[in-house]
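So you can see what is in the structure, the chains are spelled out below.
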Amino acid sequence: MKRIPHIPLNADYALDPSVLDYIKNGEQVVDLDRNGLKLLQKPGGFCFGTDSVLLAAYAKAWRGERVVDLCCGSGVVPILMSARYAGACFYGVEIQDEMADMAVRNVRMNGLGNRISVVKGDIRGDYGGLVPGYFDVATVNPPYMKVRGPLEHTERNIARHELLCGMEDVAAAAAALLKYGGKLFLVHRTERLTDVLYALRERGLEPKTLRFVHPFADKPSKLFLMTAIKGASAGMLTEAPLIFYKEPGITSDEIDSIYYK
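What counts and what doesn't
Residues numbered from 1 in each chain as written. Predicted model: local features only at pLDDT ≥ 70, side-chain atom pairs only at ≥ 80, totals over all residues. Heavy atoms only, no water. Helix = DSSP H or I, 4+ residues; strand = E, 2+ residues; numbered from the N terminus. Rg over C-alpha atoms; globule rule 2.2 N^0.38 Å. Buried < 20%, exposed > 50% of the residue type's maximum accessible area, 1.4 Å probe, protein only. Contact = heavy atoms within 4.5 Å. Core = buried A, V, L, I, M, F, W, Y, C linked by side-chain atoms within 4.5 Å. Salt bridge = Lys/Arg side-chain N within 4 Å of Asp/Glu carboxyl O. Pairing = 2+ DSSP bridges. Right-handed = clockwise from strand over helix to strand, strands pointing away. Polar contact = N/O pair within 3.5 Å; in protein donor to acceptor, adjacent residues only side chain to side chain. Phe/Tyr/Trp six-rings, centres within 6.5 Å; stacked < 30°, edge-to-face > 60°. Lys NZ or Arg CZ within 6 Å of the ring centre and 35° of its normal.

Asks: Hey, could you go over the overall build of the protein chain for me, with residue numbers and the actual values?
Replies: Within the protein chain, the secondary structure is distributed over eight helices and 14 strands. The C-alpha atoms of the protein chain give 18 Å as radius of gyration, which agrees with the globular expectation for 261 residues (18 Å, within 12%). Taken across its 261 residues, the protein chain has 49% of its residues classed as buried. When contacts within the protein chain are restricted to residue pairs at least 6 apart in sequence, long-range pairs at least 24 apart make up 69% of them.

Written as structure tokens, this is what we have:
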């Protein structure tokens, strides 16, 4: 993903007018290297990372399926998935006003308003008008870190820490919004694997596939990707690991295919 230099609104830049219609002061434009898609983000706030890109590549949605992205942030996951799965439609739920506004602008800037809808909502029960049991697929890149002591409710802290929702809330929302047999795709930190497994099973979401992500082949996993199915029987497959770098500074062929193909 390439970053286009910051573009103040009052600057006279030769840029696509469709971007200037949506960017706000302090924001940057990132080239997503896929189908001409771009993303607005604010360097001082929470910016999407590798985990969102990996989740968008890991998740699957077939023609005619409805996908809901929980904790959607700037909308990067449904926007990336829209390029891979042309026949699916996408919805995003985001609790923070500014992030929800940015997600809406990202969708419109990319001309995806007919395929992606973003709503302001709280996954702890307020789904922004989305209908329970309506979705075939759910995706989520949730806050990873437990709250240990006082923490300011900044945009970045809310995205990273379980200030406004925990894994139990995520599992409950996915279970409510998915139809029976619907699939949840998620990314999380490996150190929280036990918490994730427990929360999913408690809500009737049975973990079915697990893939560990390693920085190098000989280094411990820091992230994992998982699929869970609502109402499925027990039994989980551990997939081949995803290795990020084959040597320092050189990404693996699979990572290159995820980012650039």
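Asks: Outline the nonpolar core, supporting the account with residue identities and numerical values.
Replies: Core analysis: the biggest nonpolar cluster contains 36 residues, and L32 and M81 have the highest contact counts within it. Of all the elements in the fold, those that place two or more residues in this core are α2 (50-58), α3 (76-84), β8 (178-189), β10 (223-230) and α8 (253-260). Apart from residues lying up to four places away in sequence, M81 is in contact with A56, A59, K60, A61, F90 and T139. Among the nonpolar cores identified, the runner-up in size contains 31 residues, and L70, Y127, A173 and M226 belong to it.

Asks: Describe the pattern of salt bridges, listing the residues and the values that go with them.
Replies: With the rule as written, the count across this model stands at 10 salt bridges. Between D97 and K120 there is a salt bridge, with the nearest N and O atoms lying 3.6 Å from each other. Here the residue D97 occupies a position in helix α4 (residues 97-109), and K120 occupies one in strand β6 (residues 116-120), the gap between them amounting to 23 residues. When its relative accessible area of 56% is taken as the criterion, D97 is described as exposed. The exposure class assigned to K120 is partly exposed, which follows from its relative accessible area of 42%. The residue R211 makes a salt bridge to E254 at a minimum N-O spacing of 2.9 Å. A residue pair is termed long-range when its members are at least 10 positions apart, and R211 in strand β9 (residues 205-214) and E254 in helix α8 qualify at 43 residues. Note on R211: relative accessible area 15%, which makes it buried. By sharing partners, the salt bridges in this structure join K24, E27, D101 and R105 into a single network.

Asks: Go over the pairing of strand β5 (residues 89-94) with me, naming the residues and quoting the values.
Replies: With respect to burial, β5 is a largely interior element, five of its six residues being buried. One ladder, built from five bridges, connects strand β4 (residues 66-70) with β5; its direction is parallel. When the bridges of β5 are listed, D69 appears paired with G92. Note that the unit made of β4, α3 and β5 has a crossover that is right-handed. Taken together, β5, α4 and β6 form a β-α-β motif whose crossover is right-handed.

Asks: I'd like to hear about the environment of S52, residue by residue, with values.
Replies: When you line up the elements, S52 lands in helix α2. Considering only alpha carbons, one finds S52 and V29, 23 residues apart in sequence, at a separation of 17 Å.

Asks: With reference to specific residues and values, describe the side chain of N110.
Replies: Relative to the elements of secondary structure, N110 occurs in the loop between α4 and β6. The class of N110 is buried, set by a relative accessible area of 17%. Separated by 2.9 Å, the side chain of N110 and the backbone oxygen of N106 make a polar contact. For N110, the residues in contact, after removing those within four places along its chain, are G36, L37, K38 and I79.

Asks: Could you give me a rundown of the packing of aromatic side chains, with the residues and numbers involved?
Replies: Taken as a whole and judged by the stated rule, the model has seven aromatic pairs. Members of the aromatic cluster, connected to one another through ring pairs, are Y91, Y134 and F135. Here K60 stacks its cationic end above the ring of Y58, 5.9 Å away from the centre of that ring. Lying across the ring of Y134, R66 places its NZ or CZ 3.9 Å from the centre.

Asks: Could you give an account of unusual backbone geometry, naming the residues involved and the relevant values?
Replies: The backbone phi angle of N35 is positive, close to 55 degrees, even though this residue is not glycine. For N35, the location among the structural elements is in the loop between β2 (28-31) and β3 (38-41). In the Ramachandran plot, C71 falls in the positive-phi region, its phi being about 55 degrees despite a non-glycine side chain. Along the polypeptide, C71 turns up in the loop between β4 and α3. The partly exposed category is assigned to C71, whose relative accessible area is 22%.

Any link to function would need more than the numbers given here.
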